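Chain residues, written in single-letter form:
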There are 2 protein chains.
Amino acid sequence: MPELNAALADRFNTRLAQILPSPIRVVDQKFSAIDGILKLTLGEPDFALPMHIKDAAKAAIDEDDSHYAAPHGHLALREAISDYLVERFDTPRYEPNGEVVVTVGASEALFATMNALFNAGDEIIIPTPTFPMYEAIANIIGLKVIGINTAPDFVLTPEKLQATLAEHPNVKAVLFNYPSNPTGVTYTGAQVQAIADILAEHQLLVLSDEIYAELVYDGEHVSMAKLLPEHTILVSGLSKSHAMTGYRVGYVAGPAALITHVGKMHQFLVTTVPGPMMAAANEALRHGRADAIEMRDIYKERRDLVMAGLAEAGFTAAQPGGAFYIFAKIPAHLNTDDMAFVYDLAETVKLGIAPGSIFGAGGEGYVRLSYAASTEDLQTAMVRLKHYVDLKA
Amino acid sequence: MPELNAALADRFNTRLAQILPSPIRVVDQKFSAIDGILKLTLGEPDFALPMHIKDAAKAAIDEDDSHYAAPHGHLALREAISDYLVERFDTPRYEPNGEVVVTVGASEALFATMNALFNAGDEIIIPTPTFPMYEAIANIIGLKVIGINTAPDFVLTPEKLQATLAEHPNVKAVLFNYPSNPTGVTYTGAQVQAIADILAEHQLLVLSDEIYAELVYDGEHVSMAKLLPEHTILVSGLSKSHAMTGYRVGYVAGPAALITHVGKMHQFLVTTVPGPMMAAANEALRHGRADAIEMRDIYKERRDLVMAGLAEAGFTAAQPGGAFYIFAKIPAHLNTDDMAFVYDLAETVKLGIAPGSIFGAGGEGYVRLSYAASTEDLQTAMVRLKHYVDLKA
């Protein structure tokens, strides 16, 4: 337990020091101290991995896949990613050599991409409410983040985007995430097209995080990589589609002229991704597409269950067409300070949900519920929420 | 195969753009085009993983270790790391909660540490010849690297360190790596102590990469974390000691006041490390210490074999007390331009070794041989080297 020499106490990255620990984890940890709490705070699938995917990882271990993999990932997996993107989302075919890099989850994909493609001082647009990690990474790199508040529909409109671009002519890129964490809202094909048309006109780079693309309940996911491939870096991974969060396999795909830089940064960050985990991902993309659909159908039932419970308790929410989140508005007759609300809810009926304001402008007065939880827990949660509302009536 | 929109072609990190692809990989790839080439270029152990370590990874897969692990890594592994460092290297006991972070190999440990603890413009000393990745990461972050040429003994002397510090009074940190890649040279306890005394006096931070600590052939490894714990961030991992390069498990240990920042950066880089790979690392540290010693003894035999072959061919080398590299001086009667030498050697007798100059000042006129190769390959390599020398005589 060595103490730091006192003279060295100021030795750290001043940008990093300004970034607070993940607010969602801070809230979650406070909830954890409450005896009997039921938490719908984090976005962690409760499913176990299908056996054939586990078997693929174990086979790789048996076959001594314990040496350095190729820096951009196993070629077989890069090929599987290319094929999957074409077959599932009708994207252009990304060349496995040079246009695809396998990463340690979508997290490393985002860090490597943003750190490879941007310089300190660059301006990037991030629609809000949003996943807080985007802004944190942007701040570490020294980017200037320009938020666009998308409340109350949580869909970025062409008008808002145009207005923001007119105000900030030096913007280099727009970060998209749909289906969205935290709102669960996703974009129709027409909505993506309208945005893509503007981005093409303005010669903007698009960083499109589509990690929840398999979890779309009403209609089809339309990828930015299909509509605007010449501008898009697609970020995705297996964590959400196949309940593989702990295996940490993500990827980026895009034009070679950009991916070259991302791949170089990736090597400096992590060298490469663990082989057996890539073998699991390859199996999931080659022979596990039905698994993703099976999980999606269960999430859809859970979503409907939670939406019904929310309605009964007097909450409204923007249409949660994807991911496994619902972003609900706190009814006016309750305490609409979302931070105070979630703590009171947790104390009173032992239900933990995330306050909307931690996701940025537009989130105030909302709460985020994750339905990546068992059906039984979700039923209990809705009983507790109704009970709370009745108590306050 | 999307083409990048031409207007976006300049969209990348200008610091990254200045960093060339890993020169050792460039050389290695050129060699690969030569039919029948035998390469001793890369540092990749040729051993398979012991069965009990594979079994531990497979058991974790069976037990559904597929959800997000704790951000700093499985607690069991952090405890194993703490115990191992105390028992094996007599370090202080690092508190598993707060003083240890499990990383995606030593690569991510280095990137997270350097990015968490330094700001652009900070000065850092790196003795050369050295592993090129250190300077590349430093350049990405915008650090000013001050090299100290340690040729011909490849041990940093107190005198050289003092002189450099006098010239550069604003230096914040020194990066150490011993046993050293590329020289194979390591430091005696007295040599580490002499350096530690100066660093303590100057209140400098020490980043000590001791990934090869288990591969010390003459005497005992003395850790900077034992002698100067209040200043030291220890970087290590399982890749070299247990031939687990492809599993990507490394770690950092140090005072909590620094590790807090490293752990925060780590989360933004990768979220956490794959669970089953951590289970393998835990097994290796708890029940696989004899495996490391067994491999070390084989490496030692190989080192002696290569040293004998080099001597016979007229090459000399600084005492390679550790790691699995020998840094040999090209005899004066041959072409001592090391880059020209290695290409001629590869063309003439189909033996690929690394040119010393790619490892920085002090490496000119040397070549690096990796003996992480089979005994048979090493014997063949020495025959080819002797043949080359005879041809040129």
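Owing to the predicted nature of the structure, the values given are computational and were not obtained by experimental measurement.

### Side note on the overall build of chain A
- Each helix and strand counted, chain A has 14 helices and 13 strands in total.
- Against the compact-globule benchmark of 21 Å for 393 residues, chain A has a radius of gyration of 21 Å, which places it among compact chains.
- Residues classed as buried in chain A amount to 62% of the 393 residues present.
- A separation threshold of at least 6 residues defines the contact pool for chain A, and within that pool the share at least 24 residues apart is 75%.
- In the structure as shown, chain A presents an accessible area of about 13200 Å², 52% of it carried by carbon and sulfur atoms.
- The centroid of the 29 positive side-chain charges in chain A is displaced by 3 Å from the centroid of its 47 negative side-chain charges.

### Concerning the interface of chain B and chain A
- Every contact between the two is made by 86 residues of chain B and, on the other side, 85 residues of chain A.
- Here chain B packs against chain A, burying approximately 7300 Å² in sum over the two surfaces, 60% of which is carbon and sulfur.
- For the pair chain B and chain A, the interface holds four salt bridges.
- A salt bridge links Lys54(B) to Asp64(A); the shortest N-O distance between them is 2.6 Å.
- Scanning the region where chain B abuts chain A turns up 32 residue pairs in polar contact (both at pLDDT 80 or more).
- If you list the elements that add at least two residues to the side of chain B that touches chain A, you get helix H1 (14-17), helix H3 (51-62), helix H5 (105-117), helix H6 (132-141), helix H10 (256-270) and helix H11 (275-287) of chain B.
- If one sorts the elements of the side of chain B that touches chain A by residue count, H10(B) sits on top with 10 residues.
- Grouping the amino acids of the side of chain B that touches chain A by side-chain chemistry returns 47 nonpolar, 19 polar and 20 charged.

### What to know about the environment of Tyr187(A)
All names here are of chain A.
- Within the secondary structure layout, Tyr 187 lies in the loop between strand S5 (173-177) and helix H8 (189-201).
- By relative accessible area, Tyr 187 is classed as buried at 8%.
- Once the C-alpha coordinates of Tyr 187 and Gly 219 are considered, the two residues, 32 residues apart in sequence, prove to be 9.8 Å apart.
- Sequence-distant contacts of Tyr 187, that is, excluding residues within four places in its chain, are made with Phe 154, Val 155, Leu 156, Phe 176, Tyr 178 and Val 192.
- Only 2.8 Å separates the side chain of Tyr 187 from the backbone nitrogen of Leu 156, close enough to count as a polar contact.

### Observations regarding the nonpolar core
- Counting residues in each nonpolar core, the largest one holds 225 residues, and the members touching the most others are Met114(A), Phe315(A), Phe341(A), Met114(B), Phe315(B) and Phe341(B).
- Ignoring sequence-local partners within four residues, the contact set of Met114(B) consists of Ile124(B), Tyr134(B), Ile137(B), Ala138(B), Ile141(B), Leu143(B), Leu175(B) and Leu207(B).

### Remarks on the environment of Gln191(A)
Residue and element names in this part refer to chain A.
- On the secondary structure map, Gln 191 appears in helix H8.
- Given the relative accessible area of 29%, Gln 191 is considered partly exposed.
- For the pair Gln 191 and Pro 158, spaced 33 residues apart in sequence, the C-alpha to C-alpha distance is 8.4 Å.
- The contact partners of Gln 191, leaving out residues within four places of it in the chain, are Val 155 and Thr 186.

### What to know about the pairing of strand S10 (residues 325-329) of chain A
Residues and elements named next belong to chain A.
- Here S10 lies mainly inside the structure; four of its five residues are buried.
- Looking at chain direction, strand S9 (residues 316-317) and S10 are connected through two bridges and run antiparallel. Considered in S10, the bridge of Ala 317 is made with Ala 328.
- As defined by bridge partners, S10 adjoins strand S13 (residues 366-370) across five bridges and the pair is classed as antiparallel. Bridged to Lys 329 within S13 is Tyr 366.

### Looking at the packing of aromatic side chains
- Scanning the entire structure with this criterion turns up 37 aromatic pairs over all chains.
- Geometrically, the ring pair formed by Phe131(A) and Tyr134(A) is edge-to-face, given 5.4 Å between the ring centres and 85° between the ring planes.
- Look at Phe131(A) and you get partly exposed, because its relative accessible area is 27%.
- Arranged with centres 5.2 Å apart and planes meeting at 80°, the rings of Phe47(B) and Tyr299(B) form a pair that is edge-to-face. Separated by 252 residues along the polypeptide, Phe47(B) in the loop between strand S1 (38-39) and H3 and Tyr299(B) in helix H12 (residues 289-312) bring together distant segments of the chain. Take Phe47(B) and Tyr299(B): they sit in the same class, and that class is buried.
- Three or more aromatic residues link up through ring pairs in this structure, and these residues are Phe47(A), Tyr212(A), Tyr299(A), Phe324(A) and Tyr325(A).

### Things to note about the pattern of salt bridges
- In the structure shown here, the tally under the stated rule is 32 salt bridges over all chains.
- A cluster of three or more residues bridged by salt bridges with shared partners is formed by Asp83(A), Arg93(A) and Arg286(A).

### Some words on the domain arrangement of chain A
All names here are of chain A.
- Here the domain parsing of chain A yields domain 1 (6-48 + 291-392) and domain 2 (65-288).
- Listed by partner, the interface residues are 33 residues for domain 1 and 37 residues for domain 2.
- In total, domain 1 and domain 2 occlude about 2900 Å² of area from one another, counting both sides; carbon and sulfur atoms represent 60% of this.
- In this structure, Arg 303 and Asp 218 form a salt bridge, with 3.0 Å as the shortest nitrogen-oxygen distance.
- Applying the counting rule to domain 1 against domain 2 returns 12 residue pairs in polar contact (both at pLDDT 80 or more).
- Among the secondary structure elements, those contributing two or more residues to the side of domain 1 that touches domain 2 are helix H1 (14-17), helix H12 (289-312), S10 and S13.
- Counting residues per element, the side of domain 1 that touches domain 2 draws most heavily on H12, at seven residues.
- When the residues that make up the side of domain 1 that touches domain 2 are grouped by side-chain class, the tally is 19 nonpolar, seven polar and seven charged.

So, how was this worked out
Residues numbered from 1 in each chain as written. Chains lettered and ligands numbered in written order. Predicted model: local features only at pLDDT ≥ 70, side-chain atom pairs only at ≥ 80, totals over all residues. Heavy atoms only, no water. Helix = DSSP H or I, 4+ residues; strand = E, 2+ residues; numbered from the N terminus. Rg over C-alpha atoms; globule rule 2.2 N^0.38 Å. Buried < 20%, exposed > 50% of the residue type's maximum accessible area, 1.4 Å probe, protein only. Contact = heavy atoms within 4.5 Å. Areas by Shrake-Rupley, 256 points an atom, 1.4 Å probe, with all protein chains shown as cover. Lys, Arg positive; Asp, Glu negative; His and termini not counted. Charge placed at Lys NZ, Arg CZ, Asp CG, Glu CD. Buried area = accessible area lost by both parts, 1.4 Å probe. Salt bridge = Lys/Arg side-chain N within 4 Å of Asp/Glu carboxyl O. Polar contact = N/O pair within 3.5 Å; in protein donor to acceptor, adjacent residues only side chain to side chain. Nonpolar A, V, L, I, M, F, W, Y, C, P; charged D, E, K, R; others polar. Core = buried A, V, L, I, M, F, W, Y, C linked by side-chain atoms within 4.5 Å. Pairing = 2+ DSSP bridges. Phe/Tyr/Trp six-rings, centres within 6.5 Å; stacked < 30°, edge-to-face > 60°. Domains from an automatic or database assignment.

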